[in-house]
Amino acid sequence: MKVLMFGWEFPPHILGGLGTASYGLTRGMSLQPDMQITFCIPRPWGDEDQSFLKIIGMNSTPVVWRDVNWDYVNSRIGSYMNPQDYYDLRDHIYADFNYLHTNDLGCIEFSGRYPDNLHEEINNYSIVAGVVARQQQFDVIHSHDWLTYPAGLHAKQISGKPLVIHVHATDFDRSRGNVNPTVYAIEKNGMDHADHIMCVSELTRQTVINKYHQDPRKVTTVHNAVDPISQDIMEIVPKKNPKEKIVTFLGRITMQKGPEYFVEAAAMVLNKTKNIRFVMAGNGDMMNQMIRLAAQRGIADRFHFPGFMKGKQVYEVLKASDVYIMPSVSEPFGISPLEAMQVSVPTIISKQSGCAEILNNCIKTDYWDIHAMADAIYSICTYPALYESLKVEGKKEVDNIKWENVGYKVRDIYEEVLKKY
Amino acid sequence: MKTICFYFEMHQIFRLKRYRFFNIGTDHYYYDDYANETAINDVVERSYMPALSVLLEMINNSKGEFKVALSLSGVAMEQLEMHAPSVIDLLRKLADTGSCEFLAETYAHSLSSLKDEDGFREEVKRQCNKTKLLFGKMPKVFRNTNLIYSDEVGSMVADMGFKGILTEGAKHILGWKSPHYLYHCNLNPSLKVLLRDYKLSDDISLRFSNSEWSEYPLFADNYIGWIDALPQDEQVINLFMNLRDLGISQPLSSNILDFMKALPACAKAKGLTFSTPSEVVGKLKSVAAVDVSHPLSWSDEERDVTPWLGNVLQREAFNRLYSVAERVRLCRDRRIKQDWDYLQASNHFRYMTTKSSGIAIDRGIYDSPYDAFTNYMNILGDFINRVNALYPEDIDNEELNSLLTTIKNQGEELAALHKEIEILQTRTIKEPIVNSEEVVKGPAKKKTTKKKESK
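These figures come from a predicted structure and were not determined experimentally.

A. Summary view of the overall build of chain B. Looking only at helices and strands, one finds 18 helices and 12 strands in chain B. Considered along the principal axes of its C-alpha atoms, chain B spans approximately 95 × 50 × 40 Å. With 455 residues in all, chain B has 43% of them scored as buried. In chain B, 79% of the contacts between residues at least 6 apart in sequence involve partners at least 24 apart.

Quick look at the structure:
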């Protein structure tokens, strides 16, 4: 089975959970021997792992015919694409796009991030997708998140193949209710015309059904999984002070993640005990507000803001922690608690997180219930039996959540869709 | 001739309220009164009243040939007295028929038999006294919380003077043997062991209303037919269950009570009789000893104590609770003693189980085993603080015990001396003519006794 996937991020250059999920999913699917995946991203960097799929860079797909020789193409895009693909794609330019700003290869430039002119990039992405869809051979189209829905639709119109869209988040999660109408329109249009919709959690599925008015029969929950962590991360030796416990929050400090509830819970805990430190790692628009709040509550001496963490640093912080907490107000899935559990850190998550649907060996509270949250923090730090139990059972549980199984589930959905198509 | 021995458990815990860690030290009331009242009213209305009325009716209609045994935990008796005295009245009526036997069990429905022998003995004694007080008869046969039994428990119970004990006829204990005979404890042959027939018991308590069960619908004549078809020389069929199974696990709408009502007549037609555990113990001879080195119970597939003490959380909470057992026994604070009873109930540990037994368990207010553990440990934290605040922690229990005895003895001695003074004073009042020399003698005498004491 051949799948044409449209995505926006792919590791190692990622900005959020979307890239990690795209990677894990394709990797898990590639374990099926007859699965061939072509993954389109706006801008490959050249260090992507292409051992199990083929990457097409949208910034290397020509939309305007240019006469360039092999060596030049090879020097420009050779690090991540076969130059022959360039020529094959060039044969399928379907309209005159000279009015667009293109480079010397006839390609449109992409930032590959989430720039201010995001809507323009989405539109360009969809234009390029027309070329890809004409050239590639595939059975199913799979679009990851709203940025690529227009591209998926375009490809569907051209090729007549079924479109499956994968909802990693909706604008309702990102905006806490203040939906951007343009984004909503793109999302809704994509869902309306998709042949099947996959959601990362039942929570998201309900949003898709109720807020985007989709037929429940067309919407399936496909929970995410986690990749096993690599050896060098396993070998990190955490620096721990045996006399102090550390409670960690890791993520963007924004409204969606519920940081203020964490600060309030921390204040309640520190009212009672002193040997606990709280860490809020990450960046975001609410950071200064949180620093002020911590100071207001008089806990600034035990509440730390180390800033943005990436790569190995994340695991260094996690491994030094005694509790990981994710009080998200609305989290479509939330992969970070699973990562914490992988390195044996007891975890507290909000019931409003998608991952709460598949995790049992962690403590779940409502995001607004700071009493329950404080209680959970206190208990893990105070009762060794609880700490041990969550640590051991949590690790056991999360090690059984594998992308491979998700891959089979997605495969079943493809088969279903193709049967009906 | 075969005989059927029916036994029903009645137990209700004091449900704990949501107790956060910041309540520790400030709030010493741990119970959710509303939940307790609602729960007890519910079980009384849907199960206890109708089921007990039917049992009474069965006894009366069969002119006492139908017999049944019941046991109530002390905490259940307290709750019934408080919220549903009508059930107590009904139970008294049952006791008056003479065909209903009340068994001994633990007061708090606790697991103390596995950990705290002194506490266990004391608890059982209190339950027996309360049973006698309410229903007029001193129990002779014992049944442990959740039918937990092991050789040690058996020998302890035999020591306390009980003639018989009820437990599970678990396959891993019996092997090829049949539960339909009377056995005895291998450490003390004077204690007879009645073994539950889990198949026939569960047919009523677990499967009766299950329409997917191959034997559904079950009728009394069929059921008695199964018992009748058992080998001729088998003696006793022990059907032990929870009273709430009649009405709640098996809803009244399933006609469970009509099924029960039909049993005595069907049994009579086949020549089967009913007996109470005491009668079984008195009439039958034990055929062999049972060896139980690891405790068994009537719960879950494994029939062991893992539903309560299976994971680290449960064991931690359990050990923490019993770490103060001796202190609690030493103290005379009534509220602490009362909380001790309520906190020991095995149900609190059951809420923390992480086993998946296939049957959904009711965790009450708790979302998860972790939630149950957290709440319980917070309460226990406060409770232990209160216990420790009674006496300084650095004195060990033995020393404390001797100090307390000394204080008690001195108190008694002081009281005796006071009396003596009184007597002497009245005498001096009565004999005012005596000169002053004699009057001085009183305090002088006291001084000498004090000196003795300090020696």
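B. Inspection of the packing of helix H1 (residues 33–61) of chain B against helix H9 (residues 256–269) of chain B at higher detail. Residue and element names in this part refer to chain B. Where H1 contacts H9, the axes come no closer than 10 Å and their chain directions differ by 15 degrees. What the angle tells us is that H1 and H9 run roughly parallel. Relative to H9, the crossing made by H1 is right-handed. Between H1 and H9, the contacting residues are Pro-50, Ala-51, Val-54 and Met-58 on the first element and Leu-257, Met-260, Lys-261 and Pro-264 on the second.

C. A look at the interface of chain A and chain B. Each side of the interface is counted separately: chain A has 16 residues, and chain B has 13 residues. Taken together, the elements giving at least two residues each to the side of chain A that touches chain B come down to helix H10 (259–272), strand E13 (363–365), helix H14 (370–382) and helix H15 (384–398) of chain A. Here the side of chain A that touches chain B is composed, by residue class, of 8 nonpolar, 4 polar and 4 charged.

D. Representation of helix H5 (residues 149–159) of chain A within the structure. Residues and elements named next belong to chain A. Within H5, 8 of the 11 residues are buried, which leaves the element mostly enclosed by the surrounding structure. Restricting attention to buried positions, one finds in H5 the residues Tyr-149, Pro-150, Ala-151, Gly-152, Leu-153, His-154, Ala-155 and Lys-156. Against strand E1 (2–6), helix H4 (118–135), strand E4 (140–144), strand E5 (163–167) and helix H7 (181–193) lie the buried residues of H5. Where H5 terminates, the next one or two residues include Gly-160, which has phi positive at roughly 75 degrees.

E. Structural view of the domain arrangement of chain B. By the assigned domains, chain B splits into domain 1 (3–290), domain 2 (311–390) and domain 3 (399–454). A separation of 55 Å is found between the C-alpha centroids of domain 1 of chain B and domain 3 of chain B.

F. Region of the structure containing the nonpolar core. Residues Ala-265 and Ile-377 of chain A together with Ala-317 of chain B are the most contacted members of the largest nonpolar core, which totals 242 residues. Among the elements that make up this core, the one with the highest residue count is H1 of chain B (10 residues). With residues up to four places along the chain from it excluded, the contact list for Ile-377 of chain A reads Val-247, Ala-265, Val-269, Val-323 and Ile-348 of chain A.

What counts and how
Residues numbered from 1 in each chain as written. Chains lettered and ligands numbered in written order. Predicted model: local features only at pLDDT ≥ 70, side-chain atom pairs only at ≥ 80, totals over all residues. Helix = DSSP H or I, 4+ residues; strand = E, 2+ residues; numbered from the N terminus. Buried ≥ 20, exposed ≤ 12 C-beta atoms within 10 Å, placed from the backbone. Contact = placed C-beta atoms within 7 Å. Axes fitted to C-alpha atoms, helices over the stretch in contact; angles between N-to-C directions. Parallel < 35°, antiparallel > 145°, perpendicular 65-115°, else oblique. Left-handed = near helix turned anticlockwise from the far one by under 90°. Nonpolar A, V, L, I, M, F, W, Y, C, P; charged D, E, K, R; others polar. Domains from an automatic or database assignment. Core = buried A, V, L, I, M, F, W, Y, C linked by C-beta atoms within 7 Å.

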